[in-house]
Amino acid sequence: MNVGIVWFRRDLRLADNPAWAAATATCDRVMAVFVVDPQLWDSCHARRRAVLAGNLRSLDDALAARGGRLWVGRGEPVEMLAELIRRAGARAVFANRDVSPYAARRDGAADARLPMRWTDGCFVHAPGSVRSRTGTGYTVFTPYFRAWSTLPPEPWPGSGSAEVAADSGAGVPAADAPPLETGEEAAVRRLDAFADRADRYAEERDRPDLDITSKLSVDLKWGTISPRRVVEALAGESPGRAAFVRQVAWRDFWAQIMAARPETVSTALRSEYRAIRWRHDPEGFEAWKNGRTGYPLVDAGMRQLRDEGWIHNRVRMVVASFLVKDLLVDWRLGERHMRRLLLDGDVAQNVGNWQWTAGTGADAAPYFRIFNPVRQSQRFDPAGDYIRRWVHELAGFSSREIHTPWTLGPLELAARAPGYPMPIVDHAQARNRTLAAFEAARQQWAGE
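The rules we used
Residues numbered from 1 in each chain as written. Predicted model: local features only at pLDDT ≥ 70, side-chain atom pairs only at ≥ 80, totals over all residues. Heavy atoms only, no water. Helix = DSSP H or I, 4+ residues; strand = E, 2+ residues; numbered from the N terminus. Rg over C-alpha atoms; globule rule 2.2 N^0.38 Å. Buried < 20%, exposed > 50% of the residue type's maximum accessible area, 1.4 Å probe, protein only. Contact = heavy atoms within 4.5 Å. Phe/Tyr/Trp six-rings, centres within 6.5 Å; stacked < 30°, edge-to-face > 60°. Pairing = 2+ DSSP bridges. Right-handed = clockwise from strand over helix to strand, strands pointing away. Salt bridge = Lys/Arg side-chain N within 4 Å of Asp/Glu carboxyl O. Axes fitted to C-alpha atoms, helices over the stretch in contact; angles between N-to-C directions. Parallel < 35°, antiparallel > 145°, perpendicular 65-115°, else oblique. Nonpolar A, V, L, I, M, F, W, Y, C, P; charged D, E, K, R; others polar. Polar contact = N/O pair within 3.5 Å; in protein donor to acceptor, adjacent residues only side chain to side chain. 1 Å grid on protein atoms, 1.4 Å probe; cavity = no way out; pocket = protein on both sides within 12 Å on 5 of 7 lines; lining within 4 Å. Points joined across faces, edges and corners; volume = space filled by probe spheres on them. Core = buried A, V, L, I, M, F, W, Y, C linked by side-chain atoms within 4.5 Å.

Colleague: What exactly am I supposed to notice about the overall build of the protein chain here?
Modeller: If you tally the helices and strands in the protein chain, you get 20 helices and 6 strands. Rg of the C-alpha trace for the protein chain: 23 Å, near the compact-globule value of 22 Å for 448 residues, within the 12% margin. With the C-alpha coordinates of the protein chain rotated into their principal frame, the extents come out at 80 × 50 × 45 Å. Relative to its full complement of 448 residues, the protein chain shows a buried share of 56%. In the protein chain, once contacts between residues fewer than 6 apart in sequence are set aside, the share between residues at least 24 apart is 77%.

This is the structure we're talking about:
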């Protein structure tokens, strides 16, 4: 009997999954496998473990409907797969490629020891497939997006009728109840719900108080829905739908940069900014993490991250800009903190967006784009409803007062919002300090 193993990682679905389809179409019997890697499981936040476990249970249910089970083990993935191949007599291991430096090392080890059959099921266009006319990759999004939009997708195989093994191994690991519905069916419901309001996305996507976002980022992170299915479902002529598809293209863009430049996980993509003199400010970093900077929109976002493991996209940019451009704290500290807590924390996306905001990465705009946290607050949360939801000390403040509560003076602020801090930094002064630091790094690089 021709036996194959499907190694699930961040593609926890059966529909529109080329690794699963290739295995079930070419093998008589398929073993569905997920290996819990202690290095990843033990280091991530409990909420992330809960989402992963929930998605694994849903995948196991889907396999049970086909007469099989998801085999789950804990250990070093390549070692465990080698043992499974020996025991099952499998001829091939089918898996979808990933792009993080850790994934590249793991998958390189798998290539060296196992009969791997790789497919690309995590992105609309596989990293490296969108290239310029001269055959090079892109480091600026706009020309990448033009090429991405006109490139026809590579065909994916259809699923076959292979028998599915019913061994469940050690079973899905215990975890807390997930903070959202998990699994493929829940992802499809979120997509359908968002499709009904997607036409408004362009006008309202930057408003955290309205929160028209799709919430599909968690599903795309864990692969409970394919990005191709999302793009197909939201295709259309409206500006809102076009704006959302553009966001999916950004996801592919960051993945192709990470695949080509894995060192950017810890090194500035733009070499002229590798010598920035970041400030050592542990107190400021702790205030930022705990939502106690004195800037209400920043504090609301960081409290939402702490309590929910998610932040609205506009607010992500604001809080990241505050850490890097107001406090002049190394972007890598913020990236690692946020990636650990985010339910949708993804290495390529998180690193790419942090470097974009920091001005050290793939961005056509100059480094002196610095978000003003007050103006961002007034523009995108005009009534202060998002702030009130997360900064309870300011719940009784008016829409005019809530964006700059410190202007009331320290005594009145203490009386009306006991415990809420005055701003830990003056934005105008901090902006000048940051511009000087970036310019000094540029001059040092130019003189080398």
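Anyway, onward from the coordinates.
Colleague: Sorry if this is basic, but what is going on with the packing of aromatic side chains here?
Modeller: What describes a pair of aromatic rings is the distance from one ring centre to the other and the angle between the planes of the rings. Following the criterion strictly, the structure yields 20 aromatic pairs and no others. Relative to Trp 148, the ring of Phe 145 lies with its centre 5.9 Å away and its plane at 20°, an arrangement referred to as stacked. Here Phe 145 pairs with Trp 148, and both are found in helix 6 (residues 141-150), just 3 residues apart, close to one helical turn. Side by side, Phe 145 and Trp 148 carry an identical accessibility label, which is buried.

Colleague: Looking at this model, I keep getting lost on the pairing of strand 5 (residues 116-119). Mind explaining?
Modeller: Strand direction decides the pairing type here: strand 4 (residues 92-96) and strand 5, joined by 4 bridges, are parallel. Following the sheet pairing, Asn 96 is matched in strand 5 by Thr 119. Read from strand 4 through helix 5 (residues 101-113) to strand 5, the crossover connection turns out right-handed.

Colleague: Whenever I open this one, the pattern of salt bridges confuses me. Can you help?
Modeller: Any two side chains of opposite charge can pair, on the condition that their charged atoms come close. Using the criterion set out here, one finds 30 salt bridges in the structure. Between Asp 199 and Arg 241 there is a salt bridge, and its shortest N-O distance comes to 3.0 Å. Note that Asp 199 is positioned in the loop between helix 7 (184-195) and helix 8 (201-204) and Arg 241 in helix 11 (residues 239-260), a separation of 42 residues in sequence. The class of Asp 199 is partly exposed, set by a relative accessible area of 42%. Salt-bridge contacts for Asp 385 lead to Arg 388; the nearest nitrogen and oxygen are separated by 3.2 Å. Placement of both Asp 385 and Arg 388 in helix 18 (residues 385-390) is noted, with a separation of 3 residues, approximately one turn of the helix. Given the relative accessible area of 39%, Asp 385 is considered partly exposed.

Colleague: When you look at unusual backbone geometry in this model, what are you seeing that I'm missing?
Modeller: Look at Asp 211: it is not a glycine, yet its phi comes out positive at around 50°. A relative accessible area of 25% places Asp 211 in the partly exposed class. The backbone phi angle of Leu 328 is positive, close to 55°, even though this residue is not glycine. Locating Leu 328 in the fold gives a position in the loop between helix 14 (313-326) and helix 15 (331-341).

Colleague: When you look at the environment of Leu 63 in this model, what are you seeing that I'm missing?
Modeller: By the secondary structure assignment, Leu 63 is in helix 3 (residues 46-64). It is 41 Å that separates the C-alpha atoms of Leu 63 and Val 319, two residues lying 256 residues apart in sequence. Aside from chain neighbours lying at most four places away, what touches Leu 63 is Leu 14, Trp 20, Ala 32, Gly 68, Arg 69, Leu 70 and Val 164.

Colleague: Explanation requested: the packing of helix 11 against helix 16 (residues 347-358) in the structure shown.
Modeller: In a packed pair of helices, the relevant descriptors are the angle between the two axes and the axis-to-axis distance. At their nearest, the axes of helix 11 and helix 16 sit 8 Å apart, and the two run at 95° to each other. For the element pair helix 11 / helix 16, the angle class is roughly perpendicular. From helix 11, Trp 250, Arg 251, Trp 254, Ala 255 and Met 258 reach across to helix 16, where they touch Val 347, Ala 348, Gln 349, Val 351, Gly 352, Asn 353 and Trp 356. Counted by class, the contact of helix 11 with helix 16 contains 8 nonpolar, 3 polar and 1 charged residues.

Colleague: I would appreciate a short explanation of the side chain of Asp 206 in the present structure.
Modeller: Here Asp 206 shows up in the loop between helix 8 and helix 9 (217-222). Among the polar contacts made by the side chain of Asp 206, one reaches the side chain of Arg 314 at a distance of 3.2 Å. Sequence-distant contacts of Asp 206, defined by excluding residues within four places in its chain, comprise His 312, Arg 314 and Phe 380.

Colleague: What exactly am I supposed to notice about empty space enclosed by the protein here?
Modeller: Sizing a probe to match a water molecule and rolling it over the atoms shows the empty space that remains. For the structure shown, the criterion picks out 3 cavities of 30 Å³ or more. By volume, the largest cavity amounts to about 90 Å³. Around the largest cavity, the lining residues are Trp 254, Ile 257, Met 258, Thr 264, Leu 269, Ala 348, Val 351, Gly 352, Gln 355, Gly 361 and Ala 362. When residues of the lining of the largest cavity are traced back to their parent elements, those giving at least two are helix 11 and helix 16. Here the element with the most residues in the lining of the largest cavity is helix 16; it accounts for 4 residues. The residue makeup of the lining of the largest cavity, split by class, is 7 nonpolar, 4 polar and no charged. Within this model, the second largest cavity holds a volume of roughly 40 Å³. Ranked by residues supplied to the lining of the second largest cavity, first place goes to helix 9 with 3 residues. By residue class, the composition of the lining of the second largest cavity is 4 nonpolar, 4 polar and 3 charged.

Colleague: What should I look at first to understand the nonpolar core in this one?
Modeller: Soluble globular proteins tend to pack their nonpolar side chains together in the buried interior. Grouped together as the largest cluster of nonpolar side chains are 55 residues, with contacts concentrated most on Trp 288, Val 319, Trp 354 and Leu 394. Broken down by secondary-structure element, the contributors of at least two residues to this core are helix 11, helix 12 (282-289), helix 13 (296-308), helix 14, helix 15, helix 16, helix 18 and helix 20 (427-447). A per-element tally of this core places helix 14 first, with 7 residues. Beyond its immediate chain neighbours, meaning those up to four positions away, Val 319 contacts Trp 288, Val 298, Gly 301, Met 302, Ile 311 and Met 338. Counting residues in each nonpolar core, the second largest holds 36 residues, with Val 124, Leu 216, Val 231 and Ile 257 among its members.

Just geometry here; none of it tells us what the structure is for.
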